Amino acid sequence: MINFEYASPHSEAEAVELLNSHGGNTAVLAGGTDLYNLLKADVIAPQRVVDIKNVSSMRGTTDVADGLLVGSLTTLDELLANPQLRAYRSLVQVAEAVHSIQVQAMGTLGGDLCHLPNCWYYRNGYGLLGQQNGRSLVVDGQNQFHAILGNRGPAMFVSASRFAPALIAWGAKARIVGPAPDQVALVPLEYFFVSPKNDHQGVTVLQPGQLLTHIWLPHAEETLSASYEVLQLEGLDWPLASAAVCVESSAGIVRDARVVLGHVAPTPWVAADAGESLVGYEITEASAQAAGDAAVARATPLSENGYKVQIARTAVKRALLRAVGQLEGGL
Amino acid sequence: MAERKFAWAPRAENVLIGKEIARIDAAEKATGRAKYTSDINTPGTLVARLLTCKHAHAKVTKLDLDAVKNMPGVKAVHAFKKVGDPIRWEGDVIAAVAAERVGQADDAIKAIPIEYEVLAHWVDEDDLKGAEAADANLAAADKRITAARPTTRGDVEAALKTAKVVHKGHYGIATISHMCLEPHGTHCEWKEGNLDVHHSTQNVSGTAGQFAQGVGIEEAKVTVTADFEGGGFGSKFAADEWGVACAKMSKEAGKPVRLMFDRATELKTPGTRPSAFMDVTIAADAEGKIIAWDSHHWGTSGPQGGGVNAAVIPYVFTEVPNKKVSQTSIKCNTGPNRAWRAPNHPQACALTQTAMDDVAAKLGMDSYDFFLKNLALVAPPGNAQAAYRAGIYADEMKVAAKEIDWKAKWHPHGKGEKGPVKRGLGMGFHTWGGGAGASTGTLKLNQDGSAEAIIGSQDIGTGTRTVIAQTIAETFGIPMASVKVTLGSNKYPKANASGGSTTVGSVTGLYRRASQTALWQIFDKVKEKYTLATADNLAAKGGNILNGNDKVCTWQQAVALLGPMGLSTTGTGGGMTNGDGLTSAQVGGVQMVDVSVDTETGLIRINKFVCVQDCGLIVNELTAKSQVLGALIMGIAFALTEERIMDNATGRYINADLENYKLPRIGDIGTLKVIMYQPDSEYARGVIGLGEPPVIAPGAAISNAVANATGVRVPVLPLTPKRVLDALKGGQLS
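So, how was this worked out
Residues numbered from 1 in each chain as written. Chains lettered and ligands numbered in written order. Predicted model: local features only at pLDDT ≥ 70, side-chain atom pairs only at ≥ 80, totals over all residues. Heavy atoms only, no water. Axes fitted to C-alpha atoms, helices over the stretch in contact; angles between N-to-C directions. Helix = DSSP H or I, 4+ residues; strand = E, 2+ residues; numbered from the N terminus. Parallel < 35°, antiparallel > 145°, perpendicular 65-115°, else oblique. Left-handed = near helix turned anticlockwise from the far one by under 90°. Contact = heavy atoms within 4.5 Å. Nonpolar A, V, L, I, M, F, W, Y, C, P; charged D, E, K, R; others polar. Salt bridge = Lys/Arg side-chain N within 4 Å of Asp/Glu carboxyl O. Buried < 20%, exposed > 50% of the residue type's maximum accessible area, 1.4 Å probe, protein only. Buried area = accessible area lost by both parts, 1.4 Å probe. Polar contact = N/O pair within 3.5 Å; in protein donor to acceptor, adjacent residues only side chain to side chain. pLDDT = per-residue confidence, 0-100. Pairing = 2+ DSSP bridges. Disulfide = S-S within 2.5 Å. Phe/Tyr/Trp six-rings, centres within 6.5 Å; stacked < 30°, edge-to-face > 60°. Lys NZ or Arg CZ within 6 Å of the ring centre and 35° of its normal.

Q: Residues and numbers for the packing of helix 10 (residues 285–296) of chain A against helix 11 (residues 307–323) of chain A, please.
A: Residues and elements named next belong to chain A. Orientation of helix 10 relative to helix 11, taken along the N-to-C sense of each, is 140 degrees, at an axis distance of 8 Å. Considering the angle they form, helix 10 stands oblique to helix 11. For the pair helix 10 and helix 11, the crossing hand works out as right-handed. Touching Glu285, Ala288, Gln289, Ala291, Gly292, Asp293, Ala295 and Val296 of helix 10 are Val309, Ala312, Arg313, Val316, Lys317, Leu320 and Leu321, all from helix 11. By residue class, the composition of the contact of helix 10 with helix 11 is 9 nonpolar, 2 polar and 4 charged.

The following block contains the structure:
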């Protein structure tokens, strides 16, 4: 770990001001479940760490006219305990699937969305793109956990966020403050994530001095939702692939369906074809399977990760069946 | 007077031996009062960190430790390598720094000026053809591949012609690291020319000499202490160069130094269990008996080549009449090997018995009937001992099959459920020695009737103290609380290293001898004092000395006859040399497992895992079962999740962290059922070690269950979702 300044602001404005220095070489500390590992491994070396846990406006949930604002500092435990979030089934399912009680206690929603990739080339010091001497280590390397979609650019890691697929399916928006303390933007979460073209670009739209303060969610109303993560282990583990769905239906017939995959691409992956394939149909084993097929139809697996196509397909099918209470079997 | 013989009491008379008794040091361990090496933090202790090489193959061209000697907090440095030295694997140690705080040591490590000439590496241990192609361009001295002469028996070619079925297959098992809960580490402190070492070791008595030699003092001036140890599994027998470096830095700094490995270093540096791969042709006759075995093996133990010893192939079922086994060693730029719980056996078991199960599938036989039929191959024909072992296996199969409900649940491979989740059964067999190691222990019997055992043995987490206390308390007929066991220092009588499953036989045998020797002296005093006609009918039970059924005196009264000095005896143990039958060797077991496989995701869950295990006389059924449970969990790990992943381009151990080096948690292990096989015939065999054997067969048993569930063999362990789905895509068995 390289020495750094430590700052502990009490307001969003103060936090943004503290982040907006050292040429943007600053880092946000929320629950620390990712940042500490990155610091200890010298993967990142910020000159200042801004600990936001005392920014009380970023905690809890607030009713707003058209939905709900969820503070980025909401921990997974708090998410599970919050009655206002109970209707968002897919979010609850993700929080429950993070089997580590330590991460549930310390990890935050905002931290999850900003989590840097778990790609082992990145974590071993080869940059976000996993390159050595200008050549990708991923293409011919140990890419069994890498992207099967959206992997034709230089980035081939998978987005680490557990909650993003479910939040995007819900149509969530990211409330971003900064770089000036009075600058506030509400960005559809789908557009929050980026597939970087170089090692310095990051994995989100957040610019130096910007802070993800809240997540806006629409009212849950009659929407059915579910997520399905394929995890090898019962303990702390990252999904091999996941899917989250939100379904609007009338008398069992789908009016609108949104299917988002996780851990298959450098960003959460909106499978528009999969959603559209369901409109006008009931969700059944067959239609869910067809949606799964549609979701991975354009997959471009790497040398070692063809198996993830099958896992992603299954995740979509099972998330849909779970949303309508028809999921049976599966490990 | 009747001849006095060392022997265990008749089984029915035991009060403590064979019972389920909690470890006497359980509370210390559970509460944290037990101090492990990593807990030792005497005043002024410096923290040491290591610089390891990030290249798989390189030569050191620049190394300047003087540059960091004056950095803040740095008190000592140590160089393992010098300019010009070759590095043959990522993780090899280069230098160490001891500083007042860990951050200072880290900063100094990072600041060490070091440069390398990076050389071409080879880390793909599975890719024999690739290694051969790469070898073609290398000078003779640099070649990586060595083919050993095959060992042969009978006529394989002729047997193949008469076979009912011939099966050809490729099988493998990945390299794994030891993953001790407590990493390797040492705390050293000098006191007036003497060296005090706390060392996380399986070998308290044997490492002092290595430290002494390393620092150039007499062994008598070195104290090695390991009161408790958080696992070793074969990786902690030596002082190791980093242990000696810790002692040297402590001397240089004039302060105590603690050097504990961090997790990445622990995974990469101290050694691994080697991988093994095999191409095999197996022939069986119409009855299902294997008549020919022809296998070619490869794999690596790292830079020195080597690999799994193919001499133990085919494993357990060794006596195939026509056999050819050949082996190729590949020198890889990967970490070296170290003994891992039953060296060679888990790999040999997985390779052999998964291939055998595929022969059963090809024959259309129930795996149970097939393995039962082939028990004739466990030892040479006409060998009575072999017949005995085959009989035990057959008995154990029956017990295990009943527990897992084999007959009702088994189905032909791939012919089970219609849905995506398939269930299947598999089995595996193992064998091990477990004879007592050579040790000496002192027994002190105090005037108040209490006893003390003092021995330079160690508790590697398995209950050494407890079984010693049981043995002494049983022999004297006193409560275990009256026995104090002191171990964990080389200043006590020398005991063997805890490796090869040799400790329990060693310490219980020798303390039975020491206790009986003491007891006979007491009996003689009692006979004299109470003017008995003979001491032959005396017994020590329930805190009293009995003559037949009559109480003569209390234990305390009897011991008081020794006078204020009490007495001291010595017991020795070692292999078969004692010849008194208190201990022996050769254990085995049968494991059966019931799994579910999700064929849409490749996930595997253990439903139930049964181990029926023999190990002679069981001293403590609770700790024995614990040992088996731990082994099954460790076996599930290497069967399903655990592997070293080498990156070909960088030559690095790319998953050396606990997120990517995957280990099962409690939720992943299913229901484990341990049944100790213990008819009177086992009691009569005396004590035999159990530490390693139950970890051998899970790989084979689980892989066979997955093949039974899906009808597809996943040829290489661990059975990750990737390997399962890739195999399912590849096709059906037979």
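Q: Which residues make up the packing of helix 9 (residues 345–363) of chain B against helix 18 (residues 698–710) of chain B, and what values do they have?
A: Residue and element names in this part refer to chain B. Relative to each other, helix 9 and helix 18 sit at 30 degrees, their axes nearing to 8 Å. When the axis of helix 9 is compared with that of helix 18, the two are roughly parallel. With respect to the hand of their crossing, helix 9 and helix 18 are arranged in right-handed fashion. Along its contact with helix 9, which presents Cys349, Ala350, Gln353, Thr354 and Asp357, the element helix 18 presents Ala700, Ser703 and Asn704. Considered class by class, the residues forming the contact of helix 9 with helix 18 number 3 nonpolar, 4 polar and 1 charged.

Q: A description of the pattern of salt bridges should follow, citing residues and the corresponding values.
A: In the structure shown here, the tally under the stated rule is 53 salt bridges over all chains. When the shortest N-O distance is used, the salt bridge between Glu234 of chain A and Arg605 of chain B registers 3.4 Å. Of this pair, Glu234 of chain A sits in the loop between strand 11 (224–230) and strand 12 (241–250) while Arg605 of chain B sits in strand 27 (residues 604–614), each in a different chain. The partner of Lys625 of chain B in a salt bridge is Glu621 of chain B, with the nearest N and O atoms 3.4 Å apart. One end of the pair is Lys625 of chain B and the other is Glu621 of chain B, both in helix 16 (residues 621–640) and 4 residues apart, which spans about a single turn. Taking relative accessible area as the criterion, Glu621 of chain B reaches 15% and is therefore assigned buried. A single salt-bridge network, built from bridges that share partners, covers Glu285, Lys317 and Arg318 of chain A together with Asp598 and Glu600 of chain B.

Q: Account for the interface of chain B and chain A, with residues named and values stated.
A: Listed as interface residues are 36 residues of chain B and, on the opposing side, 33 residues of chain A. With both sides pooled, the region where chain B packs onto chain A buries about 3,100 Å², and carbon together with sulfur makes up 52% of that total. Counting across the interface, chain B meets chain A through 7 salt bridges. Among the ionic pairs, Glu304 of chain A bridges to Lys722 of chain B, the shortest N-O distance being 3.3 Å. On the surface where chain B and chain A come into contact, there are 19 residue pairs in polar contact (both at pLDDT 80 or more). Within the residue set of the side of chain B that touches chain A, elements represented by two or more residues are helix 3 (102–111), strand 26 (587–598), strand 27 and helix 19 (721–730) of chain B. Of the residues forming the side of chain B that touches chain A, the biggest block, 4 residues, is contributed by helix 19 of chain B. By residue class, the composition of the side of chain B that touches chain A is 14 nonpolar, 9 polar and 13 charged.

Q: Quick one: what's the story with the confidence of the model for chain B, residue by residue and with numbers?
A: Low-confidence regions, as indicated by low pLDDT, have predicted coordinates that should not be scrutinised in detail. Here chain B averages 96 in pLDDT, and 99% of its residues register 70 or above. Complex prediction metrics read pTM 0.97 and ipTM 0.97.

Q: With reference to specific residues and values, describe the sheet that holds strand 4 (residues 86–87) of chain B.
A: Reading across the sheet, the 3 strands line up as 4-2-6 (chain B) and stay open at both edges, with antiparallel pairing between neighbours. Every other strand in the sheet has two partners, leaving strand 4 and strand 6 (114–118) of chain B as the edge strands with one partner each.

Q: So, the state of the cysteines: which residues are in play, and what are the values?
A: Covalently bonding the sulfur atom of one cysteine to the sulfur atom of another cysteine gives a disulfide. Counted under the stated rule, the structure contains 0 disulfides over all chains. Here Cys119 of chain A stays free of any disulfide, with the sulfur of Cys114 of chain A as its closest cysteine sulfur at 19 Å. Just so you know, Cys53 of chain B is unpaired, no disulfide at all, and the nearest cysteine sulfur is the one on Cys332 of chain B, 16 Å from it.

Q: Hey, could you go over the packing of aromatic side chains for me, with residue numbers and the actual values?
A: Residues and elements named next belong to chain B. Tallied over the full model, the rule gives 15 aromatic pairs over all chains. On the basis of an interplanar angle of 40 degrees and a centroid distance of 5.8 Å, the ring pair of Tyr36 and Phe228 is categorised as tilted. Here Tyr36, found in the loop between helix 1 (26–31) and strand 1 (46–52), pairs with Phe228, found in the loop between strand 12 (222–225) and helix 7 (240–253); they are 192 residues apart in sequence, far enough to count as distant. An aromatic cluster is built from Phe317, Phe370, Phe371, Tyr393 and Phe429, whose rings are joined through pairwise contacts. Arg273 extends its terminal NZ or CZ atom over the ring of Phe638, reaching a point 4.3 Å from the ring centre.

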